[in-house]
Amino acid sequence: MLELLPKERRAIVEQLKTFLWSTSLLFLCFIAYVTRQLSWHYTQLTLSLISLYVVVLWWVTDESLPWLFAANKLKEAEVLLQKIARINKVNYENVSNILKNNFVQFESYASPDTQLSGAGQSGDGTKKAKQEDHVMVFLKNRHLLKLTLISSFLSFTVTMVYEGLLMMSPNLTEDFYLGFVLGVVTEFPATVLFSFLINRIGRKKCIYIFQILAGVLLLVSTVLSNTPLSDNIPGRYWVSLVTSLIGRLAFSVSYSSVVLYVTELFPTSVRKCLKTL
(Lines give C-alpha, C1' and ligand atoms only; values in the text may rest on other atoms or scores of the structure.)
Protein backbone atom coordinates (compact mmCIF):
# COMPACT_ATOMS: atom_id res chain seq x y z
CA MET A 1 0.00 0.00 0.00
CA LEU A 2 2.83 2.43 0.78
CA GLU A 3 4.10 2.15 -2.78
CA LEU A 4 0.77 3.35 -4.18
CA LEU A 5 1.10 6.82 -2.66
CA PRO A 6 3.67 9.63 -2.91
CA LYS A 7 6.05 10.13 0.00
CA GLU A 8 4.17 13.05 1.53
CA ARG A 9 1.01 10.95 1.82
CA ARG A 10 2.42 7.60 2.88
CA ALA A 11 1.48 8.26 6.50
CA ILE A 12 -2.16 7.93 5.43
CA VAL A 13 -1.62 4.22 4.79
CA GLU A 14 -0.25 3.66 8.29
CA GLN A 15 -3.12 5.68 9.78
CA LEU A 16 -5.69 3.62 7.92
CA LYS A 17 -3.93 0.36 8.75
CA THR A 18 -3.80 1.19 12.46
CA PHE A 19 -7.46 2.17 12.52
CA LEU A 20 -8.56 -1.00 10.73
CA TRP A 21 -6.26 -3.13 12.88
CA SER A 22 -7.80 -1.73 16.06
CA THR A 23 -11.32 -2.15 14.72
CA SER A 24 -10.61 -5.75 13.76
CA LEU A 25 -9.28 -6.49 17.26
CA LEU A 26 -12.45 -5.11 18.80
CA PHE A 27 -14.48 -7.24 16.42
CA LEU A 28 -12.38 -10.26 17.34
CA CYS A 29 -13.03 -9.59 21.02
CA PHE A 30 -16.75 -9.37 20.29
CA ILE A 31 -16.73 -12.72 18.47
CA ALA A 32 -14.73 -14.33 21.27
CA TYR A 33 -17.16 -12.97 23.86
CA VAL A 34 -20.24 -14.16 21.96
CA THR A 35 -18.80 -17.65 21.47
CA ARG A 36 -17.20 -17.91 24.91
CA GLN A 37 -19.55 -20.72 25.94
CA LEU A 38 -18.83 -22.71 22.78
CA SER A 39 -15.83 -24.69 21.62
CA TRP A 40 -12.91 -22.71 20.21
CA HIS A 41 -13.58 -24.49 16.91
CA TYR A 42 -16.63 -22.28 16.37
CA THR A 43 -14.59 -19.14 16.95
CA GLN A 44 -12.03 -20.33 14.43
CA LEU A 45 -14.75 -21.26 11.94
CA THR A 46 -16.34 -17.81 12.25
CA LEU A 47 -13.04 -16.06 11.63
CA SER A 48 -12.30 -18.32 8.66
CA LEU A 49 -15.65 -17.51 7.05
CA ILE A 50 -15.03 -13.79 7.50
CA SER A 51 -11.70 -14.18 5.68
CA LEU A 52 -13.36 -15.50 2.51
CA TYR A 53 -13.35 -11.98 1.08
CA VAL A 54 -9.75 -12.58 0.01
CA VAL A 55 -11.04 -14.76 -2.84
CA VAL A 56 -12.29 -11.72 -4.77
CA LEU A 57 -9.26 -9.52 -4.10
CA TRP A 58 -7.41 -10.91 -7.11
CA TRP A 59 -9.89 -9.25 -9.45
CA VAL A 60 -10.28 -5.92 -7.63
CA THR A 61 -6.68 -5.04 -6.75
CA ASP A 62 -3.75 -4.08 -8.96
CA GLU A 63 -0.04 -4.69 -8.68
CA SER A 64 2.19 -1.99 -7.22
CA LEU A 65 3.22 0.38 -9.99
CA PRO A 66 6.67 1.20 -8.52
CA TRP A 67 7.36 -2.51 -8.16
CA LEU A 68 6.45 -3.13 -11.80
CA PHE A 69 9.01 -0.54 -12.84
CA ALA A 70 11.60 -1.87 -10.39
CA ALA A 71 11.05 -5.40 -11.71
CA ASN A 72 11.33 -4.14 -15.30
CA LYS A 73 7.79 -5.30 -16.14
CA LEU A 74 7.20 -2.33 -18.40
CA LYS A 75 4.34 -3.79 -20.44
CA GLU A 76 2.31 -4.53 -17.32
CA ALA A 77 3.17 -1.09 -15.99
CA GLU A 78 1.95 0.52 -19.20
CA VAL A 79 -1.36 -1.36 -19.00
CA LEU A 80 -1.81 -0.28 -15.39
CA LEU A 81 -0.94 3.32 -16.25
CA GLN A 82 -3.57 3.32 -18.98
CA LYS A 83 -6.12 2.01 -16.48
CA ILE A 84 -5.16 4.69 -13.95
CA ALA A 85 -5.42 7.39 -16.59
CA ARG A 86 -8.82 6.11 -17.70
CA ILE A 87 -10.22 5.99 -14.16
CA ASN A 88 -8.94 9.49 -13.35
CA LYS A 89 -10.06 10.80 -16.75
CA VAL A 90 -6.66 12.15 -17.74
CA ASN A 91 -4.67 11.77 -20.91
CA TYR A 92 -2.37 8.76 -20.83
CA GLU A 93 0.34 10.52 -22.83
CA ASN A 94 0.50 13.27 -20.21
CA VAL A 95 0.92 10.69 -17.44
CA SER A 96 3.61 8.91 -19.43
CA ASN A 97 5.48 12.16 -20.07
CA ILE A 98 5.39 13.07 -16.39
CA LEU A 99 6.96 9.75 -15.48
CA LYS A 100 9.59 10.12 -18.17
CA ASN A 101 10.46 13.61 -16.95
CA ASN A 102 10.78 12.40 -13.36
CA PHE A 103 12.74 9.25 -14.06
CA VAL A 104 14.39 10.20 -17.37
CA GLN A 105 13.55 6.77 -18.78
CA PHE A 106 11.36 3.96 -17.56
CA GLU A 107 14.30 1.61 -17.90
CA SER A 108 16.55 3.60 -15.57
CA TYR A 109 13.86 3.73 -12.91
CA ALA A 110 13.04 0.07 -13.36
CA SER A 111 16.59 -1.10 -12.83
CA PRO A 112 17.22 -2.46 -9.32
CA ASP A 113 20.86 -1.45 -9.79
CA THR A 114 19.94 2.21 -9.93
CA GLN A 115 18.05 1.94 -6.67
CA LEU A 116 20.79 -0.02 -4.97
CA SER A 117 23.30 2.65 -5.86
CA GLY A 118 20.99 5.15 -4.21
CA ALA A 119 21.35 3.15 -1.00
CA GLY A 120 25.09 3.74 -0.94
CA GLN A 121 26.56 1.27 -3.45
CA SER A 122 29.02 2.28 -6.17
CA GLY A 123 28.34 1.88 -9.87
CA ASP A 124 30.88 -0.93 -10.29
CA GLY A 125 29.44 -2.75 -7.31
CA THR A 126 25.94 -2.65 -8.72
CA LYS A 127 26.97 -4.47 -11.88
CA LYS A 128 28.47 -7.24 -9.84
CA ALA A 129 25.52 -7.33 -7.43
CA LYS A 130 23.16 -7.82 -10.34
CA GLN A 131 24.51 -11.33 -10.78
CA GLU A 132 24.44 -12.19 -7.10
CA ASP A 133 21.73 -13.22 -4.75
CA HIS A 134 19.90 -10.26 -3.23
CA VAL A 135 20.71 -11.38 0.29
CA MET A 136 24.43 -11.21 -0.53
CA VAL A 137 23.96 -7.61 -1.59
CA PHE A 138 23.02 -6.78 2.00
CA LEU A 139 26.07 -8.59 3.34
CA LYS A 140 28.65 -7.15 0.93
CA ASN A 141 27.47 -3.56 0.88
CA ARG A 142 28.77 -2.02 4.12
CA HIS A 143 26.37 0.92 4.13
CA LEU A 144 23.37 -1.20 3.28
CA LEU A 145 24.34 -3.80 5.88
CA LYS A 146 24.63 -1.17 8.60
CA LEU A 147 21.29 0.32 7.66
CA THR A 148 19.69 -3.12 7.57
CA LEU A 149 21.02 -4.17 10.98
CA ILE A 150 19.89 -0.96 12.67
CA SER A 151 16.43 -0.98 11.10
CA SER A 152 16.01 -4.72 11.75
CA PHE A 153 16.91 -4.33 15.43
CA LEU A 154 14.56 -1.36 15.73
CA SER A 155 11.73 -3.29 14.07
CA PHE A 156 12.39 -6.36 16.22
CA THR A 157 12.31 -4.48 19.52
CA VAL A 158 9.23 -2.37 18.85
CA THR A 159 7.31 -5.36 17.46
CA MET A 160 8.21 -7.49 20.47
CA VAL A 161 7.11 -4.80 22.93
CA TYR A 162 3.98 -3.92 20.95
CA GLU A 163 2.81 -7.52 20.71
CA GLY A 164 3.73 -8.09 24.34
CA LEU A 165 1.61 -5.16 25.46
CA LEU A 166 -1.25 -6.44 23.33
CA MET A 167 -1.09 -9.91 24.85
CA MET A 168 -0.89 -8.46 28.36
CA SER A 169 -3.93 -6.21 27.85
CA PRO A 170 -6.42 -8.72 29.35
CA ASN A 171 -4.51 -8.44 32.65
CA LEU A 172 -5.27 -4.73 32.98
CA THR A 173 -8.55 -5.47 34.76
CA GLU A 174 -10.12 -8.40 36.54
CA ASP A 175 -12.40 -8.95 33.55
CA PHE A 176 -10.47 -10.57 30.68
CA TYR A 177 -12.55 -9.02 27.90
CA LEU A 178 -12.73 -5.54 29.41
CA GLY A 179 -8.96 -5.42 29.83
CA PHE A 180 -8.43 -6.41 26.21
CA VAL A 181 -10.93 -3.82 24.98
CA LEU A 182 -9.28 -1.05 27.03
CA GLY A 183 -5.90 -1.96 25.60
CA VAL A 184 -7.22 -1.90 22.04
CA VAL A 185 -9.21 1.32 22.45
CA THR A 186 -5.97 3.23 23.11
CA GLU A 187 -5.04 2.58 19.48
CA PHE A 188 -7.65 5.06 18.24
CA PRO A 189 -6.32 8.20 19.97
CA ALA A 190 -2.83 6.94 19.11
CA THR A 191 -3.82 6.94 15.44
CA VAL A 192 -5.09 10.51 15.71
CA LEU A 193 -1.90 11.62 17.45
CA PHE A 194 0.24 9.84 14.87
CA SER A 195 -1.69 11.49 12.04
CA PHE A 196 -1.24 14.94 13.56
CA LEU A 197 2.47 14.72 14.35
CA ILE A 198 4.14 12.40 11.84
CA ASN A 199 4.48 15.01 9.08
CA ARG A 200 4.93 17.93 11.47
CA ILE A 201 7.82 16.83 13.66
CA GLY A 202 9.13 13.97 11.51
CA ARG A 203 9.55 10.22 11.84
CA LYS A 204 12.63 10.18 14.05
CA LYS A 205 11.24 12.48 16.73
CA CYS A 206 7.95 10.58 16.80
CA ILE A 207 9.80 7.32 17.35
CA TYR A 208 12.07 8.36 20.19
CA ILE A 209 9.89 10.89 22.00
CA PHE A 210 7.01 8.45 22.31
CA GLN A 211 9.24 5.47 23.08
CA ILE A 212 10.79 7.34 26.00
CA LEU A 213 7.38 8.54 27.17
CA ALA A 214 5.96 5.02 26.94
CA GLY A 215 8.90 3.55 28.82
CA VAL A 216 8.58 6.03 31.69
CA LEU A 217 4.81 5.59 32.01
CA LEU A 218 4.93 1.80 31.85
CA LEU A 219 7.70 1.77 34.45
CA VAL A 220 5.61 3.97 36.76
CA SER A 221 2.61 1.69 36.26
CA THR A 222 4.69 -1.39 37.07
CA VAL A 223 6.12 0.16 40.23
CA LEU A 224 2.69 1.23 41.43
CA SER A 225 1.27 -2.24 40.84
CA ASN A 226 4.04 -4.28 42.43
CA THR A 227 5.72 -2.18 45.11
CA PRO A 228 4.41 -2.66 48.68
CA LEU A 229 5.34 0.93 49.53
CA SER A 230 2.71 2.16 47.08
CA ASP A 231 -0.13 0.51 49.00
CA ASN A 232 -0.85 3.75 50.84
CA ILE A 233 -1.18 5.83 47.67
CA PRO A 234 -4.85 6.86 47.21
CA GLY A 235 -6.35 5.45 44.03
CA ARG A 236 -3.22 3.42 43.30
CA TYR A 237 -5.10 0.99 41.05
CA TRP A 238 -6.61 3.72 38.89
CA VAL A 239 -3.36 5.65 38.63
CA SER A 240 -1.57 2.47 37.59
CA LEU A 241 -4.28 1.65 35.04
CA VAL A 242 -4.32 5.13 33.50
CA THR A 243 -0.52 5.37 33.25
CA SER A 244 -0.41 1.91 31.68
CA LEU A 245 -3.02 2.86 29.06
CA ILE A 246 -1.31 6.15 28.24
CA GLY A 247 2.00 4.32 28.00
CA ARG A 248 0.47 1.86 25.56
CA LEU A 249 -0.97 4.76 23.57
CA ALA A 250 2.45 6.40 23.37
CA PHE A 251 4.12 3.19 22.27
CA SER A 252 1.51 2.67 19.56
CA VAL A 253 2.47 6.04 18.09
CA SER A 254 6.13 5.03 18.18
CA TYR A 255 5.36 1.65 16.62
CA SER A 256 3.45 3.17 13.70
CA SER A 257 6.29 5.66 13.18
CA VAL A 258 8.87 2.86 13.07
CA VAL A 259 6.86 0.89 10.49
CA LEU A 260 6.67 3.94 8.23
CA TYR A 261 10.26 5.04 8.87
CA VAL A 262 11.90 1.68 8.21
CA THR A 263 9.86 1.14 5.05
CA GLU A 264 10.88 4.51 3.64
CA LEU A 265 14.59 3.84 4.20
CA PHE A 266 14.77 1.34 1.36
CA PRO A 267 13.79 1.58 -2.32
CA THR A 268 11.30 -0.85 -3.80
CA SER A 269 13.82 -3.33 -5.22
CA VAL A 270 15.60 -3.62 -1.86
CA ARG A 271 12.54 -3.44 0.37
CA LYS A 272 11.30 -6.90 -0.63
CA CYS A 273 14.62 -8.43 0.46
CA LEU A 274 14.48 -6.53 3.75
CA LYS A 275 11.05 -7.97 4.49
CA THR A 276 12.50 -11.44 3.99
CA LEU A 277 15.36 -10.73 6.37
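Because the structure is predicted, anything quoted here is derived from the model rather than measured.

Caption draft 1: Structural context of the side chain of Ser254. Within the element layout of this structure, Ser254 appears in helix α15 (residues 236-265). With relative accessibility at 0%, the residue Ser254 sits in the buried group. From its side chain, Ser254 meets the backbone oxygen of Ile207 in a polar contact 3.0 Å long. A distance of 3.3 Å separates the side chain of Ser254 from the side chain of Gln211, its partner in a polar contact. Leaving out residues up to four positions away in the same chain, Ser254 has contacts with Cys206, Ile207, Phe210 and Gln211.

Caption draft 2: Up close: a nonpolar patch on the surface. Together, Leu45, Leu49, Leu52, Tyr53, Val54, Val55, Val56, Leu57, Trp58, Trp59 and Val60 line one region of the surface with nonpolar side chains, adding up to about 1200 Å² of accessible area. The set of elements that each furnish at least two residues to the nonpolar patch consists of α2 (40-50) and α3 (54-60). The leading source of residues in the nonpolar patch is α3, at 7 residues. Relative to the elements of secondary structure, Leu49 occurs in helix α2. Using a relative accessible area of 51% as the deciding quantity, one classes Leu49 as exposed.

Caption draft 3: Examining the side chain of Thr186 more closely. Counting through the fold element by element, Thr186 comes out in the loop between α12 (176-185) and α13 (187-197). Here Thr186 is in contact with Leu245, Arg248 and Leu249, once residues within four sequence places are set aside.

Reading the values: rules and limits
- Residues numbered from 1 in each chain as written.
- Predicted model: local features only at pLDDT ≥ 70, side-chain atom pairs only at ≥ 80, totals over all residues.
- Heavy atoms only, no water.
- Helix = DSSP H or I, 4+ residues; strand = E, 2+ residues; numbered from the N terminus.
- Buried < 20%, exposed > 50% of the residue type's maximum accessible area, 1.4 Å probe, protein only.
- Polar contact = N/O pair within 3.5 Å; in protein donor to acceptor, adjacent residues only side chain to side chain.
- Contact = heavy atoms within 4.5 Å.
- Patch = residues over 30% accessible without salt bridge, like charges linked within 9 Å, V, L, I, M, F, W, Y side chains within 5 Å.
- Areas by Shrake-Rupley, 256 points an atom, 1.4 Å probe, with all protein chains shown as cover.
- Salt bridge = Lys/Arg side-chain N within 4 Å of Asp/Glu carboxyl O.

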